[in-house]
Amino acid sequence: MLEPRYFLSTDGSTVFVESKGDYIAQDGTAYNNVYVFKFVVRDGKIAEGYEYANPVIYAK
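Cut-off values and rules
- Residues numbered from 1 in each chain as written.
- Predicted model: local features only at pLDDT ≥ 70, side-chain atom pairs only at ≥ 80, totals over all residues.
- Heavy atoms only, no water.
- Helix = DSSP H or I, 4+ residues; strand = E, 2+ residues; numbered from the N terminus.
- Rg over C-alpha atoms; globule rule 2.2 N^0.38 Å.
- Buried < 20%, exposed > 50% of the residue type's maximum accessible area, 1.4 Å probe, protein only.
- Lys, Arg positive; Asp, Glu negative; His and termini not counted.
- Charge placed at Lys NZ, Arg CZ, Asp CG, Glu CD.
- Salt bridge = Lys/Arg side-chain N within 4 Å of Asp/Glu carboxyl O.
- Phe/Tyr/Trp six-rings, centres within 6.5 Å; stacked < 30°, edge-to-face > 60°.

Caption draft 1: Here's a closer look at the overall build of the protein. For the protein, the helix and strand inventory stands at 1 helix and 6 strands. Taken over the C-alpha trace, the protein has a radius of gyration of 14 Å; the compact-globule value for 60 residues is 10 Å, which it surpasses by more than 25%. The buried share among the 60 residues of the protein stands at 15%. Distance between charge centres in the protein, computed from 6 positive and 8 negative side chains, equals 3 Å.

In C-alpha cells, the structure reads:
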C-alpha cells in the first residue's frame, strides 16, 4: 500500500485509511486500485475492519 492517509472520527472510535495499491496479479499484469479501510476500535483494539475498493478496476 502506498501513500496512506488517515482520518480519525471525532469520538476516536473509528479510523479510515485511504491508500493506493500497487500490485502485480498472478498473470503478471499490473493491478493498481484505490482502497479505503474502516477500522472500529473498542477497548484500544481493532474490533471491526472493512475494506472498500473500486470494483470497476477489479473487474478489468
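Caption draft 2: Just the pattern of salt bridges, in detail. For the structure shown, the criterion picks out 3 salt bridges. Taking the shortest distance from any N to any O, the salt bridge between glutamate 3 and lysine 20 comes out at 3.3 Å. Of this pair, glutamate 3 sits in strand S1 (residues 2-8) while lysine 20 sits in strand S2 (residues 14-20), and the two are 17 residues apart along the sequence. Look at glutamate 3 and you get exposed, because its relative accessible area is 56%.

Caption draft 3: Region of interest: the packing of aromatic side chains. Scanning all chains against the criterion turns up 2 aromatic pairs. Ring plane angle 15° and centroid distance 6.0 Å describe the contact between tyrosine 35 and phenylalanine 37, whose orientation is recorded as stacked. For the pair shown, tyrosine 35 and phenylalanine 37 are each scored as buried. Here phenylalanine 37 and phenylalanine 39 contribute two aromatic rings whose centre-to-centre distance is 6.2 Å and whose plane-to-plane angle is 10°, an arrangement assigned as stacked. You can call phenylalanine 37 buried: its relative accessible area is 16%. With a relative accessible area of 25%, phenylalanine 39 lands in the partly exposed category.

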